[in-house]
Amino acid sequence: MVSQPILVILMGPPGAGKGTQAKRLAAELGLPHVASGDIFREHVKRGTELGRKAQPYMDRGELVPDDITIAMIIERLSRPDCERGALLDGFPRTVPQAQALDERLAEINWCISAVPYIRVSEPVLLRRLSGRRICRNCGAVYHIEFRPPARPGVCDVCGGPLYQRPDDSLETARRRLQVYFEQTAPVLAYYENQGLLVEIDGEQGIEEVYATLRDSVISMMQVPA
Ligand code: ADP
Ligand code: ADP
Ligand code: ZN
């Protein structure tokens, strides 16, 4: 029997821990980790046309326009590695994005399995964003205080150099949080109305958040009898 694809949408404000948790959960569920921010940063790095269009918005901490973002994610979900589903991180971030995703899912006959929402308060988010460091080589995520690498500035996984995202500066991080509350928070109600939203306390340690997240996603996945 062919099982239904699994589509998990990880929600939460910037700095909530989506990327940290998604990398591990995607590996455990055997699904590709589809992170809109990572895809945009890759395009910016390669200097593609999409990257040139997205960069000014990213630099200001604002959202890339819906038409560009929706087309990019729908194309990504149609690749062969997403045949069995995906773990979405950072998309949808507006109600029109959520509606466009639903229309696409209806066409291909997919259902959303679960929408875990990692809740974290604003002061904690700002501390997390300002101390975040990323490996330039493999994308592993660190925090100077909460998840420091063994050697400062060096990735534990691959030895690559760590960097700070320009949009993690205090000023741009504040703008991103404001944009989140204005444009992305309404998406939570959208999924709550569909009975898909599960709230996770994101202020626990990384391991505790993972255990709670994993258990709630697994309990919402339709397991064939
Ligand atoms: P974070 O992990 O801190 O929440 P992301 O890496 O997900 O940030 O996103 C970085 C930037 O990429 C955003 O500030 C925005 O400019 C752009 N971006 C990512 N996802 C979307 C989206 N779904 N819609 C519009 N813009 C997006
Ligand atoms: P997001 O993708 O939601 O923007 P990240 O996964 O990049 O968030 O995490 C933001 C920062 O907070 C990173 O520096 C990460 O190491 C740190 N972090 C993630 N989860 C926790 C946690 N539960 N407790 C403390 N720090 C965390
Ligand atoms: Zn690395």
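The rules behind each value
Every chain is numbered on its own, with residues counted from 1 as its sequence reads. As they are written, the chains are lettered A onward and the ligands numbered 1 onward, keeping that order. Per-residue local features are limited, in this predicted model, to residues with pLDDT of at least 70; the limit for side-chain atom pairs, both in listing and counting, is 80 or more; totals at the level of whole chains, interfaces and linings are taken over all residues. The side-chain numbers reported here are obtained from all heavy atoms of the structure, hydrogens and water having been left aside. Pairing of aromatic rings covers Phe, Tyr and Trp, the last counted by its six-membered ring, and requires centre-to-centre distances within 6.5 Å; plane angles under 30 degrees mean stacked, over 60 mean edge-to-face, and any other angle means tilted. Three exposure classes are used, based on accessible area relative to the maximum for each residue type with a 1.4 Å probe and protein chains only: buried under 20%, partly exposed in between, and exposed over 50%. A positively charged side chain is recorded as over a ring if its NZ (Lys) or CZ (Arg) lies within 6 Å of the ring centre. The angle to the ring normal must also be within 35 degrees. Strands are runs of DSSP state E lasting at least 2 residues, helices are runs of H or I lasting at least 4, and numbering of each runs from the N terminus. Each residue is tested against the molecule or strand, and it is near if at least one of its non-hydrogen atoms lies within 4 Å. Each polar contact in these results corresponds to two N or O atoms within 3.5 Å; when the atoms are within protein, one needs to be able to donate a hydrogen and the other to accept it, and residues that are neighboring in sequence are counted only if both atoms are side-chain atoms. Accessibility throughout is a Shrake-Rupley quantity obtained with a 1.4 Å probe, and a residue counts as covered only by protein chains that appear here. Note on residue categories: nonpolar means Ala, Val, Leu, Ile, Met, Phe, Trp, Tyr, Cys or Pro, charged means Asp, Glu, Lys or Arg, and polar means any other residue, Gly included. Counted as donors are N, O and S atoms no farther than 2.8 Å from the metal, or 3.2 Å for Na, K and Ca; water is not among the atoms, and sites may therefore look incomplete. Geometry assignment treats four donors as tetrahedral when all angles are between 85 and 135 degrees, treats four as square planar and six as octahedral when opposite donors are over 155 degrees apart and all others between 65 and 115, and treats everything else as irregular.

Peer 1: Before we move on, could you go through the packing of aromatic side chains and cite the residues and values that matter?
Peer 2: Under the criterion given, the structure shown has two aromatic pairs. Seen in terms of ring centroids, tyrosine 180 and phenylalanine 181 are 5.2 Å apart; in terms of plane orientation they differ by 85 degrees. Their pairing is edge-to-face. An angle of 85 degrees between the planes, with centres 5.2 Å apart, marks the rings of tyrosine 190 and tyrosine 191 as edge-to-face. Like tyrosine 191, tyrosine 190 is buried. Residue placement shows arginine 24 over the ring face of tyrosine 210; its charged tip is 3.9 Å from the ring centre. Here arginine 60 stacks its cationic end above the ring of tyrosine 57, 5.2 Å away from the centre of that ring.

Peer 1: Describe unusual backbone geometry, listing the residues and the values that go with them.
Peer 2: A cis amide bond links phenylalanine 91 to the next residue, proline 92, at an omega of 0 degrees. With respect to the helices and strands, proline 92 occurs in the loop between strand S3 (85-89) and helix H5 (95-108). In this structure, asparagine 109 is a non-glycine residue whose phi angle is positive, near 65 degrees. Counting through the fold element by element, asparagine 109 comes out in the loop between H5 and strand S4 (115-119). Owing to a relative accessible area of 59%, asparagine 109 belongs among the exposed residues under this scheme.

Peer 1: So what's going on with the site of ligand 2? Residues and values would help.
Peer 2: Around ligand 2, the structure places 18 residues, and the nearest of them are Gly15, Lys18, Thr20, Arg132 and Tyr142. A distance of 2.6 Å separates an oxygen atom of ligand 2 from a polar side-chain atom of threonine 20. Within the contact set of ligand 2, an oxygen atom lies 2.7 Å away from a backbone nitrogen or oxygen of tyrosine 142. Out of a free accessible area of 560 Å², ligand 2 has 93% covered by protein chains. Of all elements in the fold, only helix H1 (18-29), strand S6 (141-143) and helix H8 (206-220) reach the threshold of two or more residues within the shell around ligand 2. Of the residues that constitute the shell around ligand 2, the class distribution is eight nonpolar, seven polar and three charged.

Peer 1: Tell me about the coordination of the zinc ion (ligand 3), and name the residues and values.
Peer 2: For the zinc ion (ligand 3), the full set of protein donor atoms is Cys135 (SG), Cys138 (SG), Cys155 (SG) and Cys158 (SG), and the range of their distances to it is 2.3 to 2.4 Å. With four donor atoms in place around the zinc ion (ligand 3) and angles of 97 to 115 degrees between them, the coordination shape is tetrahedral. Mapped onto the sequence, the residues coordinating the zinc ion (ligand 3) show the spacing C-x2-C-x16-C-x2-C. Taken together, the residues span a long stretch of sequence, with cysteine 135 in strand S5 (residues 132-135) and cysteine 158 in the loop between S6 and strand S7 (162-163) at a distance of 23 residues. Take cysteine 135: its relative accessible area is 2%, and that puts it in the buried class.

Purely geometric stuff here, so don't read any function into it on its own.
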